[in-house]
Amino acid sequence: MTYSVSPIGFVRSCFKEKFAIPRQPQLAPAARGVLELVAPFDQGDAVQGLEQVSHVWLLFLFHQALEEKPRLKVRPPRLGGNKSMGVFATRATHRPNGIGQSVVKLDKVEANRLFISGIDLLDGTPILDIKPYVPYADIIDNASNSIASAAPQLIPVRWAEAALQQAHEHAQRLGEPLVALIDQCLAQDPRPAYQIPTPEREYGAQFWDLDVRWHYPEAGVIRVLEVIPASN
Ligand code: SAM
């Protein structure tokens, strides 16, 4: 039996590529976006009352990870990418039906769009539903998960002077907390765990309309090298 679903909106996000997006929401509070609703949900009626809510659950499609053949086992990056696990024990993007869920902060409600932050969503992500976060039901005091028992350990992020200057200038132009965004995302060390980076090796990712480049001058330390307009 098959069912069909259709998006109620799409996210315009600070994240233009999968690399360097935090692995869960709330890990980078400066990660912001706008959920643009589509007809018939863009008239105001559907979001009436949401201004009384601080956070929402978003159900969405991992539209850049959809696969024909469902996987039963996956190798979550969280476990270093070399240990396999039942797909339902993980939050892996490659999963049956490709559905993701994230709890995000709701900063502002307008008739046809929601301003959200603390997101882990790629630009263009199709949203299937929005539900208010209900603290009394959604907070479970004695919950445990020994596969992912704590947020990822953060590493120090340093800045080349010129890169910091560039970031401040672009932050002003965009009206976005860009330095915090880069700090928060890179502190989670986006590099695949199996890669041992040499100081010469540069990494890069696009945030908003900017290419951010960094390297690892020593083990466990990131240094941002430049923040320049993206080439695409
Ligand atoms: N919080 C969600 C969940 O638990 O279902 C997502 C968790 S998943 C591990 C987070 C990763 O999904 C991000 O780091 C990003 O690389 C990837 N991602 C985000 N949006 C995506 C999209 N639309 N298509 C494919 N991958 C996406």
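Only a predicted model underlies this, so the values are computations on that prediction, with no experimental measurement involved.

Asks: So what exactly am I meant to see when it comes to the overall build of the chain here?
Replies: If you tally the helices and strands in the chain, you get three helices and 12 strands. The C-alpha atoms of the chain give a radius of gyration of 19 Å, which matches the 17 Å a tight globule of 232 residues would have. Considered along the principal axes of its C-alpha atoms, the chain spans approximately 50 × 45 × 40 Å. A buried classification covers 39% of the 232 residues belonging to the chain. For the chain, the proportion of contacts with a sequence separation of at least 24, taken over those separated by at least 6, is 71%. Summed over all atoms, the accessible surface of the chain reaches about 13500 Å², with 52% contributed by carbon and sulfur.

Asks: It is not clear to me how the nonpolar core should be interpreted in this structure. Could you clarify?
Replies: Counting residues in each nonpolar core, the largest one holds 53 residues, and the members touching the most others are Ile130 and Leu181. The leading source of residues in this core is helix 3 (residues 178–186), at six residues. Setting aside its immediate chain neighbours within four residues, Leu181 contacts Cys14, Phe15, Ala30, Ala31, Phe207 and Trp208.

Asks: When you look at the UniProt feature "domain: TsaA-like" (unreviewed entry) in the chain in this model, what are you seeing that I'm missing?
Replies: Taken from the UniProt record, the annotation "domain: TsaA-like" (unreviewed entry) applies to residues 5–142. Secondary structure over residues 5–142 splits into 3% helix and 33% strand, and the C-alpha atoms at its two ends are 34 Å apart.

Asks: Sorry if this is basic, but what is going on with the side chain of Ser117 here?
Replies: Take Ser117: it is sitting in strand 7 (residues 113–117). Separated by 2.8 Å, the side chains of Ser117 and Asp107 make a polar contact. Not counting residues up to four positions away in its chain, the partners in contact with Ser117 are Pro29, Ala31, Arg32, Val104, Lys105 and Asp107.

Asks: When you look at the packing of aromatic side chains in this model, what are you seeing that I'm missing?
Replies: Note on aromatic pairs: each is described by the distance of the centres and the angle between the planes. Applying the stated criterion across every chain yields a total of six aromatic pairs. Pairing Tyr203 with Trp214 gives two aromatic rings, centres 6.3 Å apart and planes at 15°, and the pair type is stacked. Of this pair, Tyr203 sits in strand 10 (residues 202–207) while Trp214 sits in strand 11 (residues 210–218), and the two are 11 residues apart along the sequence. Note on accessibility: Tyr203 and Trp214 belong to one class, buried. Through pairs of rings, three or more aromatic residues link up here, namely Phe19, Tyr203, Trp214 and Tyr216.

Asks: What's the story with the site of the ligand in this structure? I'm lost.
Replies: Around the ligand, a shell composed of 21 residues is seen, among which Gln24, His63, Arg91, Asp120 and Thr125 lie nearest. Side-chain polar atom of Ser102 to a nitrogen atom of the ligand: 2.9 Å apart, as the coordinates give it. Thr125 is positioned such that a nitrogen or oxygen atom in its side chain is 2.9 Å from a nitrogen atom of the ligand. Coverage of the ligand by the protein amounts to 92% of the 600 Å² it exposes when considered alone.

Asks: Would you explain the pairing of strand 7 in this entry?
Replies: Two elements, strand 2 (residues 32–37) and strand 7, share five bridges in a ladder whose sense is antiparallel. Residue pairing across strands places Val34 opposite Phe115, the latter belonging to strand 7. In this structure, strand 6 (residues 99–110) lies alongside strand 7, joined through five bridges in antiparallel fashion. Looking at the pairing, Lys108 lines up with Phe115 of strand 7.

Asks: I'm lost on the sheet that holds strand 10 in this one. Help?
Replies: Whether parallel or antiparallel, the strands of a sheet pair through hydrogen bonds between backbone atoms. Spatial ordering of the open sheet is given by 9-12-11-10, a layout of four strands whose pairing is mixed. With partners counted over all chains shown, the strands left at the sheet margins are strand 9 (157–159) and strand 10, one partner each. Strand-to-strand, the axes of this sheet are offset by a mean angle of 35°, without reference to chain direction. Two elements, strand 10 and strand 11, share six bridges in a ladder whose sense is antiparallel. The partner of Gly204 across the bridge, within strand 11, is Arg213. Of the strands in this sheet, strand 9, strand 11 and strand 12 (221–229) touch helix 2 (residues 161–174), which is tilted by about 50° from strand 12.

Rules and cut-offs
Per-chain numbering applies: the sequence of each chain, read as written, is numbered from 1 onward. For this predicted model, a pLDDT threshold of at least 70 governs which residues receive local features, and a threshold of 80 or more governs which side-chain atom pairs are given and counted, while totals over whole chains, interfaces and linings are taken from all residues. Processing note: side-chain calculations cover all non-hydrogen atoms of the structure and skip hydrogens and water entirely. Helix numbers and strand numbers start at the N terminus; a helix is a DSSP run of H or I with at least 4 residues, a strand a run of E with at least 2. For a compact globule the rule gives 2.2 Å times the number of residues to the power 0.38, and the radius of gyration it is set against comes from C-alpha atoms. Residue burial is assigned from relative accessible area. The probe radius is 1.4 Å, only protein chains are included, and a residue is buried under 20% of its type maximum, exposed over 50%, and partly exposed in between. The contact definition used throughout considers only heavy atoms, calling two residues in contact when any of these lie within 4.5 Å. A 1.4 Å probe and the Shrake-Rupley method give the accessible areas. Residues count as covered only by the protein chains that appear here. In this description, a nonpolar core means a group of buried Ala, Val, Leu, Ile, Met, Phe, Trp, Tyr and Cys residues linked to one another through side-chain atoms lying within 4.5 Å. UniProt positions are given in the numbering used here, feature names are shortened, and annotations may be inferred rather than shown by experiment. Under this definition, polar contacts are N or O atom pairs within 3.5 Å; protein pairs additionally need one hydrogen-donor-capable and one acceptor-capable atom, and for neighbouring residues in sequence, both atoms have to be side-chain atoms. Pairing of aromatic side chains requires ring centres within 6.5 Å, counting the rings of Phe and Tyr and the six-membered ring of Trp. Pairs whose planes differ by under 30 degrees are stacked, by over 60 edge-to-face, and all others tilted. Definition of nearness: a residue and a molecule or strand are near each other if at least one heavy atom of the residue lies within 4 Å of the molecule or strand. Note: two strands are recorded as paired if DSSP finds a minimum of 2 bridges between them. To define axes, lines are fitted to C-alpha atoms, for helices over the stretch in contact only, and angles between the resulting N-to-C directions are given on a 0 to 180 degree scale.

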